[in-house]
Amino acid sequence: MWSIVEDLRVAVRTVRCSPGFAAVAALTLGLGIAANTTVFGWINAVLLNPVPGVTNAHELTALEAVAPNGSRLVSCPHPDFRDFQRSMASASGVVGTHLAFFNIGSGDHPRRVLGQVVSANFFAVLGVKPFLGRMLLPQEDRDDRGAHPVAVISHRLWRTHFGANPRVVGRSARMNGHTYTIVGVAPPEFRGTVGGAALDLWVPLSMVIETGSLNTWAAEDRNARFLDVIIRLKPGATIEQARAEAGTVAARIAAAYPDTHKGVGATLVPMWQAHYGLQSPLRGPLRILMFVCVLALLIACANVANLLMARCISRRREFAIRMALGAGRGRIVRQLMAESLLLGGAGAAVGVLLAQWFGDALYYALPALDSTVRMAVQPLLQTAPDRTVLAFAVLVSVGAAVLAAVIPAITVHSVGVNENLKEGRRSGTQGMRSRRGRTALVVTEVALASMALIGAGLAVRSFHRLSG
């Protein structure tokens, strides 16, 4: 332990003696780490954790209808949803949701937000507890139009629109021209079930007409596909078992209603594979972007490795003297690794700071967004580095530092003590090895840059299709 501390102390002193070199190396690594951290933050928000703030998110699956030709119908009619809710033995809960716009307040300038019309078991199945007040109750799950004009608001809306008033519960509010009673405030970490978006309002399914989402009451209409269905698996149940059971239920519905459901099946997928929300359109482009960013980080590592090799060549005499005084080659290599890790740590700090600024970049790749949708996707585009993202940044910085130090460490390991102790002389063999190493790094950088350009072109093409 003392040896590691001593290595780091010497590394700090050595790096401080070359502030220009340290700044260039840290900034180079920082740019690569920032790009990777930014894209990973998007992937974390859209794919790895599309439904934050819920209990045991890994148990949640999306139910999607399958057309006779194999394409996904995604949404489900209200009567079908009730059939699945009653028949899925492998599910501990089945909820239905529908995305809706809400105009809050009266007058000429109401606040417009995105929310969901949901079945009353929505919060209970997701395991979301109220921050204030209560959530929806089982008796509010009646399929009677306009039966329960109540609403749960998000913690963000409570702060920004209602001034964080603790007495907001029980108050009435005008939404889409109708009066609702606010019964609860959701916890700050819960954002709804549309991956990558933060929603602000939830009302019962009985109010779907009042929200303006549907023109006619569809409680018994098998043609109106408007509900996104989420199923929580029972502990011990596998998605394959539930998928087979959903297929059986869908076959039974198709047999009973051939006019509307002939050949229509059903399947279950993990939430990150759902075809609603931002998961579906962004899955491919984000994967390509991550590939490009990894290549960019490798190029940064190669650049820093070149800088370290040049620095090692100028320090050959120093290394030779230390070895002549008894330091082993392993100790010299360890010292070089400590310096590289120190630069990697500085690069990580720069990268995390830059990642906050890079987050807005996705705005320019997505289609034109109105202010309401822009507000909903703000948590995706301006991701605060949570523990997962910070752990990723640390892991990337350590990996980059080690990778950047490998070839310079090999060069140091070949240092000849006697030759380098002679003033003004350099071993031709060692010089040739250094030149070969640096040439190999340059060739690697060119190859990686070519691959990165190809990947960037594919990413631009993917986002262009998304915008179209």
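Bear in mind the structure is a predicted one, so any value in this text is a computation, not a measurement.

1. A short note on the overall build of the chain
So, step 1. Within the chain, the secondary structure is distributed over 15 helices and eleven strands.
So, step 2. For the chain, the proportion of its 468 residues judged to be buried stands at 51%.
So, step 3. As displayed, the chain has an accessible area near 21,400 Å², and 60% of this comes from carbon and sulfur atoms.

2. Regarding the pattern of salt bridges
So, step 1. Following the criterion strictly, the structure yields nine salt bridges and no others.
So, step 2. A salt bridge links Arg 222 to Asp 80; the shortest N-O distance between them is 2.5 Å. Here Arg 222, found in the loop between β9 (201-204) and β10 (225-233), pairs with Asp 80, found in helix α3 (residues 78-87); they are 142 residues apart in sequence, far enough to count as distant.
So, step 3. Relative accessible area serves as the criterion here: at 14%, Arg 222 is assigned to the buried category.
So, step 4. In this structure Asp 80 comes out as buried when scored by relative accessible area, which is 4%.
So, step 5. One connected set of salt bridges, linked through shared partners, spans Asp 80, Asp 83, Arg 86 and Arg 222.

3. Remarks on helix α6 (residues 239-256)
Residues three or four positions apart in an α-helix share a direction because the helix packs 3.6 residues into each turn.
So, step 1. Between the first and last C-alpha of α6 there are 26 Å, a value that for 18 residues agrees with the 26 Å anticipated at 1.5 Å per step.
So, step 2. Those residues of α6 that fall on the buried side of the exposure criterion are Ile 239, Ala 242, Glu 245, Ala 246, Val 249, Ala 250, Ile 253 and Ala 254.
So, step 3. Where α6 is buried, its residues touch β1 (60-66), α3, β10, α7 (258-261) and β11 (265-270).

4. Things to note about the environment of Asp 228
So, step 1. Note that Asp 228 resides in strand β10.
So, step 2. The exposure class of Asp 228 is buried, given its relative accessible area of 12%.
So, step 3. Taking C-alpha positions, Asp 228 is 7.5 Å from Leu 63, a pair spaced 165 residues apart along the chain.
So, step 4. The residues touching Asp 228, leaving out its near neighbours within four places in the chain, are Val 74, Ser 75, Val 95, Gly 96, Thr 97 and Tyr 276.
So, step 5. A polar atom in the side chain of Asp 228 sits 3.4 Å from the side chain of Ser 75.

5. Description of the packing of α3 against α6
So, step 1. Direction vectors running N to C along α3 and α6 enclose 130 degrees, while the axes themselves pass 10 Å from each other. Relative to α6, α3 is oriented oblique. In this structure, the crossing between α3 and α6 has a hand that is right-handed. Where α3 abuts α6, its residues Asp 80, Asp 83, Phe 84 and Ser 87 lie against Glu 245, Ala 246, Val 249, Ala 250, Arg 252 and Ile 253.

6. Observations regarding the confidence of the model for the chain
So, step 1. A residue-level look at the chain finds 79% of positions with pLDDT of 70 or above and a mean pLDDT of 82.
So, step 2. Across residues 423-430, confidence stays below pLDDT 50; counting only partners more than four residues off in sequence or on other chains, it has nine contacts.

Calculation rules
- Residues numbered from 1 in each chain as written.
- Predicted model: local features only at pLDDT ≥ 70, side-chain atom pairs only at ≥ 80, totals over all residues.
- Heavy atoms only, no water.
- Helix = DSSP H or I, 4+ residues; strand = E, 2+ residues; numbered from the N terminus.
- Buried < 20%, exposed > 50% of the residue type's maximum accessible area, 1.4 Å probe, protein only.
- Areas by Shrake-Rupley, 256 points an atom, 1.4 Å probe, with all protein chains shown as cover.
- Salt bridge = Lys/Arg side-chain N within 4 Å of Asp/Glu carboxyl O.
- Expected span 1.5 Å × (residues − 1).
- Contact = heavy atoms within 4.5 Å.
- Polar contact = N/O pair within 3.5 Å; in protein donor to acceptor, adjacent residues only side chain to side chain.
- Axes fitted to C-alpha atoms, helices over the stretch in contact; angles between N-to-C directions.
- Parallel < 35°, antiparallel > 145°, perpendicular 65-115°, else oblique.
- Left-handed = near helix turned anticlockwise from the far one by under 90°.
- pLDDT = per-residue confidence, 0-100.

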